[in-house]
Structure formats: structure tokens, C-alpha cells
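Working through the structure, step by step
The primary structure of each chain is shown beneath.
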Amino acid sequence: RRWRQTFGRFTLFVILTATGAFLYVTQAASHPPDQLAADSTKPTLVVLGSGWGATSFLKNLDTEEYNVVVVSPRNYFLFTPLLPSVTVGTLEPRSIIQPTRFISRHKKRKVAVYEAEAQDVDPVKKTVTFQDLSDIRGEAGSVTIPYDYLVYAVGCENQTFGIKGVPEYACFLKELSDADKIRTKLLDCIETASFKDQPESEIDRLMHMVVVGGGPTGVEYAGELHDFLIDDLKKWYPEIADRLKITLIEALPNVLPAFSKQLIQYTESTFKENKIDVLTRTMVKDVKEKSVVVQDANKEIKEIPYGLLVWATGNTSRTITRNLMAKLPQAQTQRRGLLVDDYMSMLGADGVYALGDCTATQYAPTAQAASQQGIYLAQTFNKLGNKAKLEKELSQLRASPDAPTKAEQIEATLKKLNRVSKLSPFHYSHQGSLAYIGSEKAIADLPIFSGNLASGGGAAYLFWRSAYLSNLYSVRNRTLVAFDWIKVKIFGRDVSESK
Ligand code: FAD
Ligand code: NAI
């Protein structure tokens, strides 16, 4: 008995010590040291955006040699690959975001972070104008600041092809607020369909979830919706669960054109098994409040009633990007986005670097490309900062009265200067493509040696989960996402509305 008591006390001691150490470490990490103040002798580096490109840039940047200003309408980074999981409550919204200040506060020199929308870039005067567009307005209105360098990473907006009714009636899936809106609307449709004496035809319409666009966004959303139907709807709304119908509309002959043929077939057959209707060669022509008008493979026009419409037909440039291109008509000739050289420097604009979805490059508009570009550009800026420091050091050494005795030191500094002055062009390294397709299955196109490994199913799903868990930005995000997954496994998804 005494042995058991001693063991119990020892265990308690270990648990308390471990908890204390964990709390100490997390506290220390969340209370960063004092930062260097802004220095008017250093160049001003303005970063537009807080998405994949801007955040990986900021994370890898040594701020000592710059006065950095970050401007973005949202004050956080959003881990977009897991956004479809938020639409049905597999993950909670806050689990996949990270405040920009969690990054900026750990930098050597103070970084100014403004929650505001950049509205104009003047590449000749080298200024940026931005405005606080939040509901609570202060007295400061629109502000214009000069920059020495501008890192332009504002992403893009949803493509609608000018189809009538899309902005009014469809839900997009790009921002956190979009996922929240979809979740609310989905539950609203289900509750309204369950309303007393609801006519049969109206139940069918309300329970018809239509997804337009068979790219990875549309496919992943359809997969998540299917999981919600099987795992939760059948449990909480047994009387109408079987009425839920999911239709995916795609203009091309197949979904996921960027994936390998084998995985396209695997996705389409999994969707068939899961009773997700895939209408290929079908183009949405018009969107009404309760129905979409489509032209099918036989060029026939049909009207499809829907309860919830999710629009995922790709990207287009933001207004600020189009305006910037219009200011440089000689150099910026691509409608798709900003043209940059191999060093991410924007054509026709001095000191402007552009990356991610807002650019028109040979790379697909993915998080993978944007984050690699961000890392590359941070390394470039770190080199430029080092170069400025070394040049200063060199001129001081040369100007000192005992310069002749410092020949070796001067030589060593010159060598370092030579090294940091050499910039190599951006090189993209493709790590593969992954997508979740529902019912605990994923697809993975992975480059292996000089070939490609295409895999679909449960193993790919485990790989998808572990890859995204390890890619999340912080330990906090990883912990929250892992807990959300466990929570959903034990308790199911929460079907209460947040209105
Ligand atoms: P974004 O990440 O979109 O960031 C743009 C930033 O600019 C945002 O912070 C925005 O608030 C800010 N901004 C907007 N306007 C202004 C303005 N006027 N002034 C200042 N700031 C502004 N890619 C993958 O590789 N793998 C995936 O699994 C994957 N899954 C995805 C799932 C979904 C649902 C979506 C929508 C996309 C997914 N992508 C994925 C694509 C990926 O998210 C984008 O390619 C990536 O976000 C591009 O990064 P970015 O920095 O260029 O733009
Ligand atoms: P997308 O551009 O990849 O796909 C849009 C699809 O919509 C196209 O297949 C197009 O043919 C179709 N379409 C367009 N207009 C239509 C119409 N009127 N009617 C019917 N179909 C129509 O767009 P998505 O999926 O939003 O992806 C954007 C980018 O983000 C891509 O580069 C993608 O690779 C990346 N992404 C990657 C993910 C992943 O790797 N898991 C997940 C989500 C996005």
C-alpha cells in the first residue's frame, strides 16, 4: 500500500512538473522580447496581404535592416487547404487561422501591422494608399505612405465570368466568412426542409446542394458535404436525411483536370458510390434565386432547382491589381495577373516584388507555389539587407586611418559581399497535389524520382491528414485541429446554427 501511495505521489509530481514546464515555455513564447524601434535610416518595406505568400515571406524575413509595414484587410493567416472542413463543422474556424501579430511580434525590429485594404499603388511615386474598412471607424481615414520596396501578395478574387445572379445568390469558398456562411445556409436549408407541412417539392429543392466547378475546391466541398450527410444528418434529421442530394456541375469533360487520369477516374467512381451526381460538359449560364440554368452536354438548356449553391469556378485578378496593371501598359500585358521576372520583381515597376495568386507565372495558383515564393523572396531581402550592412562595414574599414593594416579584414568582407550580392532565380519544387474526396478517402499525386506516384483511398487520406497537420503554421493550430478531429469522431458535428 505504501508503495502504491509513493508511486501515486511521484506520478502527480511528474504531471505537475510537466504541466508547469509546458506553461512556462508557452508563456515565454507568447511574451516575446522587446523589439528594435523603427529606424529612419533603413528602407521601408511594405507588405500587402497576410495570406500564403505574404505570411511565408514575413516569417522568413530578417527585419533588422528594414522598417516593415504589413497591410491586409484581415489580421490573420488562413490555412486554406482545410477551409472546406469548416463548411460542415469538421473543423472550427479558429483552428485554422493564426494572427499576423503572432509572427510580427517575434521579429527583431518592430513591424507595423495595419488591418486595412490597400486601394492604390503608385509605382512611379512609390506610394501605397490604404483605408480602414472595418465597421468601427476611427477618425483616421485613408492613408498614403511611401515605400522603398513593396511586396505585393494580395491574392485574387472569385471568378464569376460575369454570370448573372452569382454574387447575389451563390456562396463562394475562399475566406473564413464564406465557410461560416455556407455552414449557416446549409443548416438553414435543412431546418426549413424539416418545417411542418413543407411541400414535398420544396423539400427536394431545399435539400438539393449544388456545387459549380469541378476543380479541387468544388470536389473537396462535395466530399465534406457527403461526410456530413452520412455521419450526422442521418443521426439528427433521420426523417429527411435521405432527401439530401449533392450535384457537382463541371463545364469540362471531367473533374480535377490538373490531377492524373487514374485519380480523376477514382474520384468520379467514389462520387458515384457516394451518390454525388457529377454533371460534366455542363455549363452554368444563369443563376436565379432558387435555380440554376445550365447548358448540358447535348447543348440543351435545363433549369435545376437548388437550396444551397456553392460557386467554385476559379480565380480572377482583384481590382487593385487590374488598376496597377493599367498604370504600366507597356510592361504588364497579361490579363491573368502581374508579370514578374525570375526574381519575382514586377515588370515595369522599380522596387515592387509580386508573388502568389496575383501573378501570372508558369506555376499553378496554389499555396505551395505562393509559400515557396515567399521564402525565396525573404531570402533575397535578407541578402539585400546583409549587403547593405557589409557595404557600410567595408566603407568604414577603408576610411579608417589604420586601413592598410586591415587588408585581411577588408578582403574577407569583400568576399562576403560578393557572396550575398549573387542572387539566384526562383526555383519551384513541386511537392505533389493532394485532395480530400470524402468518406475518409483522398487522392495524392506525388512526384517520386523522375516519375509520379498516383494514389487514392484510405492510405492517401491518412497521408493527407498528416501532411496538412504538419504543415499548419503553429503548434497551437496543430493542437486545435487534432482536437477538432477527435471531437468530431467522439461527439459528431455540431448541428446548431450560429445566428
Ligand atoms: P491569399 O492566400 O489569398 O492571400 C491574399 C492576402 O491578401 C489575404 O490576406 C487578403 O486578405 C489580402 N488582401 C486582399 N486584398 C487586399 C488589399 N486590397 N490590400 C491588402 N491586402 C489584401 N493550394 C494548395 O497548394 N493546396 C491546397 O490544398 C489548397 N487548398 C485550397 C482550398 C481552398 C478552399 C482554396 C480557396 C484555395 C486552396 N488552395 C490550395 C489555393 C491557395 O489557397 C492559394 O493559392 C493561396 O492562398 C495563394 O496565396 P496568396 O498569398 O497569393 O493569396
Ligand atoms: P479551378 O480553376 O481549379 O477549377 C474551376 C472549375 O470550374 C474548372 O474545372 C472549370 O472548368 C469549372 N467552371 C468554370 N466555369 C464554369 C461554369 N460556368 N459551369 C460549370 N463549371 C465551370 O478552381 P478552384 O477549384 O477554385 O481552385 C483554384 C486554385 O486553387 C487552383 O489552382 C487549385 O489547384 C488550387 N486549389 C488546390 C487545392 C488542392 O490542392 N487540394 C484545393 C483547392 C484549390
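This write-up is about the structure you can find in this document. What you are looking at is a predicted structure, and each value in this text was computed from that prediction instead of being measured.

**A look at the site of ligand 2**
- Around ligand 2, 23 residues are found, and the nearest of them are Thr217, Glu250, Ala251, Val284 and Leu434.
- Between ligand 2 and the protein, one listed contact pairs a nitrogen atom with a side-chain N or O atom of Glu220 at 3.5 Å.
- Burial of ligand 2 by the protein chains amounts to 77% of its free accessible area of 840 Å².
- Mapped by element, the contributors of at least two residues to the shell around ligand 2 are α8 (216-236), β15 (283-287) and β21 (433-438).
- For the shell around ligand 2, the element with the most residues is α8, which contributes three residues.
- Looking at the shell around ligand 2 residue by residue, the classes come out as 13 nonpolar, eight polar and two charged.

**Some points on the sheet that holds strand β13 (residues 245-249)**
- Pairing in this open sheet of five strands is parallel, and the strands run β11-β18-β12-β13-β14 from one edge to the other. Strands with a single pairing partner mark the edges of an open sheet, and in this sheet they are β11 (171-172) and β14 (276-279).
- As defined by bridge partners, β13 adjoins β14 across four bridges and the pair is classed as parallel. Bridge pairing in β14 places Ile249 opposite Leu279.
- Each of β12 (208-212), β13, β14 and β18 (308-311) is contacted by α8, which is oriented at about 175° to β13, the strand it contacts most.

Cut-off values and rules
- Residues numbered from 1 in each chain as written.
- Chains lettered and ligands numbered in written order.
- Predicted model: local features only at pLDDT ≥ 70, side-chain atom pairs only at ≥ 80, totals over all residues.
- Heavy atoms only, no water.
- Near = heavy atom within 4 Å.
- Polar contact = N/O pair within 3.5 Å; in protein donor to acceptor, adjacent residues only side chain to side chain.
- Areas by Shrake-Rupley, 256 points an atom, 1.4 Å probe, with all protein chains shown as cover.
- Helix = DSSP H or I, 4+ residues; strand = E, 2+ residues; numbered from the N terminus.
- Nonpolar A, V, L, I, M, F, W, Y, C, P; charged D, E, K, R; others polar.
- Pairing = 2+ DSSP bridges.
- Contact = heavy atoms within 4.5 Å.
- Axes fitted to C-alpha atoms, helices over the stretch in contact; angles between N-to-C directions.

These values are about where atoms sit, not about what they do.
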